[in-house]
Amino acid sequence: PKNPTEYKDRYTKSLGILRQLKEKGVAGAVYTQTTDVEGEINGLMTYDRKRIKIPAKELKKLHEGLVE
C-alpha cells in the first residue's frame, strides 16, 4: 500500500472476502503479518511498534460479525 488509506482499504476488502467465505462454510482465518519486518509493509504496526496502522478499537469494529 502507498498510504494509510490504501492499507485500510485493502485490509477491509480482505475482511469482505472472508465474510463471503464464512457464508460458504469457512470456519477460520489467520492474519500472520502483525508487524512489519525488514522491508515488509503489510503489518498492522511498524516493526518498532511506533506506528499502529489500524487501532485496536477500529480493528474490533471491522471484525464485527466475523467473530462469534
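Structural data are supplied above this passage.
This is a predicted model, so every value here is computed, not measured.

Asks: Would you mind showing me how to read a nonpolar patch on the surface here?
Replies: Together, Ile 17, Leu 21 and Val 26 give the surface a local cluster of nonpolar side chains, amounting to about 220 Å² of exposed area. On the secondary structure map, Val 26 appears in the loop between helix 1 (4–23) and helix 2 (56–62). Note on Val 26: relative accessible area 36%, which makes it partly exposed.

Asks: I'm lost on helix 1 in this one. Help?
Replies: An α-helix turns once every 3.6 residues. As a result, residues three or four positions apart point the same way. Under the 1.5 Å per step criterion, the end-to-end length of helix 1 is 29 Å for 20 residues, consistent within 8% with the ideal 28 Å. Of all the residues in helix 1, the buried ones are Tyr 7, Tyr 11 and Leu 15. For helix 1, the angular spread of the buried residues around the axis is 70°, confining them to a single face. Opposite the buried face of helix 1, at more than 90 degrees from it, the exposed residues are Thr 5, Lys 13 and Glu 23. If you follow the buried residues of helix 1, they end up packed against helix 2. Taking the backbone nitrogen of Thr 5 as reference, a side-chain oxygen 3.1 Å away marks Asn 3 as the first, capping residue of helix 1. Residue Gly 25 follows helix 1 closely and has a positive phi angle near 110°.

Here is what the cut-offs are and how they apply
- Residues numbered from 1 in each chain as written.
- Predicted model: local features only at pLDDT ≥ 70, side-chain atom pairs only at ≥ 80, totals over all residues.
- Heavy atoms only, no water.
- Patch = residues over 30% accessible without salt bridge, like charges linked within 9 Å, V, L, I, M, F, W, Y side chains within 5 Å.
- Areas by Shrake-Rupley, 256 points an atom, 1.4 Å probe, with all protein chains shown as cover.
- Salt bridge = Lys/Arg side-chain N within 4 Å of Asp/Glu carboxyl O.
- Helix = DSSP H or I, 4+ residues; strand = E, 2+ residues; numbered from the N terminus.
- Buried < 20%, exposed > 50% of the residue type's maximum accessible area, 1.4 Å probe, protein only.
- Expected span 1.5 Å × (residues − 1).
- Arc of directions from axis to C-beta.
- Contact = heavy atoms within 4.5 Å.
- Polar contact = N/O pair within 3.5 Å; in protein donor to acceptor, adjacent residues only side chain to side chain.

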